[in-house]
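Here is what each chain is made of, one letter per residue.
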Amino acid sequence: MSITESARQFFDACETGKGWAACRKWCHDGATFACQADTLAGTTTLEGYTEWMKSLLTPLPDARYELTAFATDTERATVVAAAVFHGTQTGQGGPVPPTGKTLAADYAYIMQFDGDRIRHMTKIWNDVWSLRALGWA
């Protein structure tokens, strides 16, 4: 399987809340994660991030993504995906009771491969803007 196809399948599994059990097949054990956002400051592994995404779908049960760009840089063994994350907090499990507020947040994944599996992923995301939109900050 190409890194492009692996990245596409990983992206979909992660963004639809499948968690590490489903996402791990496209990742190296111990794959690292980085994001310059306070919400994810303590998350340093891709396993931790995929589980965080899984838990996010509890307060946002209608969550979905709209893919806006997807590109592979074979020279650097990197795939970049850009998307808009949509959701409405109607479920329990957020930092406050359901607000009914909606979110449409731009973000990007930069997935770096070693062979046919992701070894590191960086997420670019404005968490403060997203938290305010949901009424969580």
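Residues numbered from 1 in each chain as written. Predicted model: local features only at pLDDT ≥ 70, side-chain atom pairs only at ≥ 80, totals over all residues. Heavy atoms only, no water.

This next bit is on the overall build of the protein chain. A count of helices and strands for the protein chain gives four helices and five strands. Each helix (α) and strand (β) of the protein chain, taken in turn from the N terminus, gives the series α-α-β-α-β-β-β-β-α. Each principal axis of the C-alpha atoms in the protein chain carries an extent, and together these give about 45 × 25 × 25 Å. Looking at the protein chain as a whole, 41% of its 137 residues are labelled buried. Relative to all contacts within the protein chain whose residues are 6 or more apart in sequence, the contacts with residues 24 or more apart total 61%. When the accessible area of the protein chain is evaluated, it comes to approximately 6,900 Å², of which 50% is carbon and sulfur surface. (Helix = DSSP H or I, 4+ residues; strand = E, 2+ residues; numbered from the N terminus. Buried < 20%, exposed > 50% of the residue type's maximum accessible area, 1.4 Å probe, protein only. Contact = heavy atoms within 4.5 Å. Areas by Shrake-Rupley, 256 points an atom, 1.4 Å probe, with all protein chains shown as cover.)

Now for the pattern of salt bridges. Enumeration over the complete set of coordinates arrives at two salt bridges. Note that D29 is salt-bridged to R24, the shortest N-O span being 3.7 Å. Put simply, R76 and D73 hold a salt bridge, and the shortest N to O gap is 2.8 Å. With relative accessibility at 54%, the residue R76 sits in the exposed group. D73 sits in the partly exposed class, given a relative accessible area of 27%. (Salt bridge = Lys/Arg side-chain N within 4 Å of Asp/Glu carboxyl O.)

Turning to helix α3 (residues 46-56), a few remarks are in order. When we look at burial in α3, the residues that qualify are L46, Y49, T50, M53 and L56. Seen end-on, α3 carries its buried residues on one side only, within an arc spanning 115°. The elements touched by buried residues of α3 are α1 (3-15), α2 (19-23), β1 (27-35), β3 (78-88), β4 (102-114) and β5 (117-125). (Arc of directions from axis to C-beta.)

Right, let's talk about the nonpolar core for a bit. Counting 37 residues, the largest nonpolar core has F10, L46, Y49, F85, Y109, M111 and M121 as its most contacted members. Of all the elements in the fold, those that place two or more residues in this core are α1, α2, β1, α3, β3, β4 and β5. Excluding residues within four positions of it along the chain, Y49 makes contact with C14, E15, F33, L40, T43, Y109, M121 and K123. (Core = buried A, V, L, I, M, F, W, Y, C linked by side-chain atoms within 4.5 Å.)

Centre distance and the angle of the planes are the two values used to describe a pair of aromatic rings. All chains considered together, the criterion is met by eight aromatic pairs. For the pair F33 and Y49, a centre-to-centre distance of 4.5 Å together with 10° between the ring planes defines the contact as stacked. Taken together, the residues F33 in strand β1 and Y49 in helix α3 connect sequence positions 16 residues apart. In this pair, the class of F33 matches that of Y49, namely buried. Here Y49 and W52 contribute two aromatic rings whose centre-to-centre distance is 5.9 Å and whose plane-to-plane angle is 25°, an arrangement assigned as stacked. Highlighted residues: Y49 and W52, both in helix α3, separated by three residues, approximately one helical turn. Cluster of aromatic residues (ring-pair linked, three or more members): F11, F33, Y49, W52, Y65, Y107, Y109 and W125. Above the plane of the ring of Y107 lies K123, whose end atom (NZ or CZ) is 5.1 Å from the centre. The ring of W125 has K123 lying over it, and the distance from NZ or CZ to the ring centre is 4.6 Å. (Phe/Tyr/Trp six-rings, centres within 6.5 Å; stacked < 30°, edge-to-face > 60°. Lys NZ or Arg CZ within 6 Å of the ring centre and 35° of its normal.)

Right, let's get into the environment of E15. Position of E15 relative to the elements: it lies in helix α1. Here E15 falls in the buried class, since its relative accessible area comes to 1%. As a C-alpha pair, E15 and D62 span 47 residues in sequence and 12 Å in three-dimensional space. Those residues in contact with E15 that lie beyond four places of it in its chain are Y49, M53, L57, Y65, F85, Y107 and Y109.

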